Amino acid sequence: MGAVLIGGLIEGCLGLLARYWKKIITPIVAASVVTSIGFSLFSVGTRSSGGGYSESFGSAKNLLLGIITLAACLLFNIFAKSYWKQLSVLFGLIVGYILAIFMGKVDLSVIFNGGLITLPHLLPFKIKFDLGAIIAVVVIFLVSAAETIGDTQPL
């Protein structure tokens, strides 16, 4: 919790000063970061589109759901204009989730059993400041900032 707190403060400062350090992040650096993150998430996407770690991994139902979700993302990206294109993943997520509900793949019992509205547990973890964790989180947040520049920078 302490590492995330410190990392968040640093990320917030980077956001406020983005116009200055944006010049340091060249398009090739930003593209390399975005590509690296994309490649590292490839295995997660393929595992999820096949059905995750369920016994029905690779079934036609799971693959159909994954293909429709991907198609929704791509079609939204193709047909959307200006800044709306950045919402293609959110659109695909919504379409896929609604389709998964109708396919019976979403278990809403946990939500309905626990109540629709509950109070959060504030600070369920003790705040501890560990230098190694702080350095790791700050590095991850710096990579995230470079990715954001790469995602939002006009080509």
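Residues numbered from 1 in each chain as written. Predicted model: local features only at pLDDT ≥ 70, side-chain atom pairs only at ≥ 80, totals over all residues. Heavy atoms only, no water.

K.L.:
Residues and numbers for the nonpolar core, please.
P.N.:
With nine residues, the main nonpolar core is built from Leu 14, Ala 18, Trp 21, Ile 25, Ala 30, Val 33, Ala 145, Ala 146 and Ile 149. Contributions of two or more residues to this core are made by helix 2 (18-21), helix 3 (27-49) and helix 7 (131-152). Here this core gets three residues from one element, more than from any other, and that element is helix 7. Among all residues touching Ala 145, those that are not within four sequence positions of it are Glu 11, Leu 14 and Trp 21. (Core = buried A, V, L, I, M, F, W, Y, C linked by side-chain atoms within 4.5 Å. Buried < 20%, exposed > 50% of the residue type's maximum accessible area, 1.4 Å probe, protein only. Helix = DSSP H or I, 4+ residues; strand = E, 2+ residues; numbered from the N terminus. Contact = heavy atoms within 4.5 Å.)

K.L.:
Can you lay out the environment of Ile 67 for me, pointing to particular residues and giving the numbers?
P.N.:
Within the element layout of this structure, Ile 67 appears in helix 4 (residues 60-79). The class of Ile 67 is exposed, set by a relative accessible area of 57%. Distance from Ile 67 to Pro 120, taken between C-alpha atoms, is 36 Å for residues 53 residues apart in sequence.

K.L.:
Break down the packing of helix 1 (residues 2-16) against helix 7 for me, citing the residues and quoting the values.
P.N.:
For the pair helix 1 and helix 7, interaxial distance at closest approach is 8 Å and the crossing angle is 35°. Seen along the crossing, helix 1 lies across helix 7 with a hand that is right-handed. On helix 7, the residues touching Ala 3, Val 4, Ile 6, Gly 7, Gly 8, Ile 10, Glu 11 and Leu 14 of helix 1 are Ala 133, Ile 134, Val 137, Val 138, Phe 141, Leu 142, Ser 144 and Ala 145. Here the residues of the contact of helix 1 with helix 7 sort into 12 nonpolar, three polar and one charged. (Axes fitted to C-alpha atoms, helices over the stretch in contact; angles between N-to-C directions. Left-handed = near helix turned anticlockwise from the far one by under 90°. Nonpolar A, V, L, I, M, F, W, Y, C, P; charged D, E, K, R; others polar.)

K.L.:
Tell me what's going on with the packing of aromatic side chains, and back it up with residues and numbers.
P.N.:
Summed over all chains, the structure comprises two aromatic pairs. Geometrically, the ring pair formed by Phe 76 and Phe 91 is stacked, given 4.7 Å between the ring centres and 25° between the ring planes. Of the two residues, Phe 76 is situated in helix 4 and Phe 91 in helix 5 (residues 88-102); the sequence distance between them amounts to 15 residues. Given the relative accessible area of 34%, Phe 91 is considered partly exposed. Where Tyr 83 meets Trp 84, the ring centres are 5.3 Å apart and the plane angle is 25°; that geometry is what we call stacked. Owing to a relative accessible area of 55%, Tyr 83 belongs among the exposed residues under this scheme. Between Arg 47 and the ring centre of Phe 57, over which it is positioned, the NZ or CZ distance is 4.7 Å. (Phe/Tyr/Trp six-rings, centres within 6.5 Å; stacked < 30°, edge-to-face > 60°. Lys NZ or Arg CZ within 6 Å of the ring centre and 35° of its normal.)

K.L.:
Give a detailed account of the side chain of Asn 62, specifying residues and quantitative values.
P.N.:
Considering the arrangement of structural elements, one finds Asn 62 in helix 4. Of note is the side chain of Asn 62, whose polar atom sits 2.8 Å from the side chain of Lys 105. If near-sequence neighbours (up to four positions away) are discounted, Asn 62 is found in contact with Ser 49, Gly 50, Gly 51, Ser 54, Ser 56, Phe 57 and Lys 105. (Polar contact = N/O pair within 3.5 Å; in protein donor to acceptor, adjacent residues only side chain to side chain.)

K.L.:
Please give an account of helix 1 that cites residues and values.
P.N.:
Since the α-helix turns once every 3.6 residues, residues separated by three or four places project in the same direction. Spanning 15 residues, helix 1 covers 21 Å between terminal C-alpha atoms, matching the ideal 21 Å at 1.5 Å per step. Those residues of helix 1 that are buried are in contact with helix 2 and helix 7. (Expected span 1.5 Å × (residues − 1).)

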